[in-house]
Amino acid sequence: MSADGINLLRAKVFDKSKWMQLPRDVVIGHGVIEQIPAVCEDLSLGDSALVITGDKTRDIAGKRVEALLAASYDVTTFAAGGGDPFETIKKAEAAAAEAAFVIGVGGGRVIDMAKIASYNTDRHFISVPTAASHDGIASSRASVPTADGNVSLAAEPPVAVIADTAVIASAPHRLLAAGCADIMANYTAILDWELSHRLRGEPLSEYALTLSRMTAEILFKNADLIKPHSEESAWIVTKALVSSGVAMSIAGSSRPGSGGEHKFSHALDRLAPEKGLHGEKCGIGAIITMYLHGGDWRGIRDSLKKVGAPTTPAGIGVDDETAVEALLAARTIRPERFTILDMGLTRESARDLVKMLYRE
Ligand SMILES: NC(=O)C1=CN([C@@H]2O[C@H](COP(=O)(O)OP(=O)(O)OC[C@H]3O[C@@H](n4cnc5c(N)ncnc54)[C@H](OP(=O)(O)O)[C@@H]3O)[C@@H](O)[C@H]2O)C=CC1
Ligand SMILES: O=C(CO)COP(=O)(O)O
Ligand SMILES: [Zn+2]
């Protein structure tokens, strides 16, 4: 099924896509997963819950969420495994239609699936991230891969975020570092947005832009504090990811957090599907787009190194020529989203950039 098809699945009573919807309860800390029943009660969400969770994350936290809710709610589980994402979303929607509210327990893919299923069935959605790997934790957008590159769809923002730092700190450090990289990419995303505003008259939200930049700045300043398997680090990064997601909800688009570096990442999703995490690819892309903007690309590279994120295509097992292809293909993904990569990049200049900027 296509991205257009998925929008047709939605038969809403009213259109909330232009509303600024933000989470009401944000609970971040050690052991807070145990507070899920209290949060559900606080929000009076109804008496039946659908838990959407992943293959690995079900054991990590999904089963615990099911057990905690079972005492007071009718609980059904939907396993969001692999396969065609739109087919899986369609099945998740059928399950969501039978429940009063939806809980997504997992990484970015699972959370996006849960928020689309919630949006298309008008159900409240609770976000329970098992990793601080992406800034979709609290946003009103969902990113779904298609043959033409990722599409960014309007989706249900979480009415609550419950982020247990004990769970998040136990995840492989690579996931946390990817979350840092996804946020550092905000720097170049907003430069692209400003460029498009100046050159093309694209509307700009000062609030969303400022929040996105401030979030990146705070993380940038705290990069030395980000350590593997530390709950303090999990707390710092998760708060930043929530804040970045709120910027997207304010803007009503992913513009504050997604520019040319994200298009590069989406191009790699197609050209080298099994290589690298979303945030890792965005961080690597941001080094080049920051250089092209004439900004502090070394600062981005050094901060990525500090938090333990890769800084070269080789760092995620991608060869230089594939990175060149991805830079060129990036422009064809969501061409309406103007970025620095639309400013005259050639194959020759892409090769020079990859050679110059991706030396260790
Ligand atoms: N909506 C938005 O605004 C945004 C959306 N995104 C989207 O998010 C996705 C990227 O998210 P990301 O989390 O990097 O990737 P995934 O959701 O694909 O997760 C990566 C892997 O990590 C596993 N995992 C998650 N938590 C843990 C844990 N605690 N311990 C061990 N393994 C764990 C997952 O398991 P499992 O198999 O259970 O899933 C999966 O195998 C992309 O699809 C991207 O487009 C990114 C940024 C913003
Ligand atoms: O990843 C995002 C922000 O970090 C948003 O995703 P898109 O690039 O698909 O809009
Ligand atoms: Zn991202």
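Just above, that's the structure.
Attention in this report is confined to the structure presented alongside it. In this text the structure is predicted, and so the values were computed from the model without any measurement. (Residues numbered from 1 in each chain as written. Chains lettered and ligands numbered in written order. Predicted model: local features only at pLDDT ≥ 70, side-chain atom pairs only at ≥ 80, totals over all residues. Heavy atoms only, no water.)

1. Things to note about the site of ligand 2
Surveying the vicinity of ligand 2 reveals the residues Asp135, Ser143, Ser152, Asp182, Met248, Ser254, Gly257, Ser258, His262, His266, His278 and Arg334. In this structure, an oxygen atom belonging to ligand 2 sits 3.5 Å away from a main-chain N or O atom of glycine 257. Contact distances for ligand 2 include 3.0 Å between an oxygen atom and a side-chain N or O atom of histidine 278. Residue classes in the shell around ligand 2 are distributed as one nonpolar, eight polar and three charged. (Near = heavy atom within 4 Å. Polar contact = N/O pair within 3.5 Å; in protein donor to acceptor, adjacent residues only side chain to side chain. Nonpolar A, V, L, I, M, F, W, Y, C, P; charged D, E, K, R; others polar.)

2. Looking at the environment of valine 242
Tracing the chain through its elements places valine 242 in helix α10 (residues 231–251). The spatial distance from the C-alpha of valine 242 to the C-alpha of isoleucine 137 is 6.2 Å, given a sequence separation of 105 residues. Each residue touching valine 242, except ones within four places of it in the same chain, is listed here: Val26, Ile28, Ile137, Ala138 and Val161. (Helix = DSSP H or I, 4+ residues; strand = E, 2+ residues; numbered from the N terminus. Contact = heavy atoms within 4.5 Å.)

3. Concerning the site of ligand 1
With respect to spatial proximity, 27 residues lie near ligand 1, and among them Thr57, Asp112, Thr130, Ser133 and Arg141 are the closest. Interatomic distance of 2.9 Å between a backbone N/O atom of arginine 109 and an oxygen atom of ligand 1. Contacts to ligand 1 include aspartate 112, whose side-chain N or O atom sits 2.8 Å from a nitrogen atom. In isolation ligand 1 exposes 930 Å². Once the protein is present, 85% of that is buried. Mapped by element, the contributors of at least two residues to the shell around ligand 1 are α3 (57–70), α5 (108–121), β6 (141–144) and α7 (173–184). Counted by class, the shell around ligand 1 contains seven nonpolar, twelve polar and eight charged residues. (Areas by Shrake-Rupley, 256 points an atom, 1.4 Å probe, with all protein chains shown as cover.)

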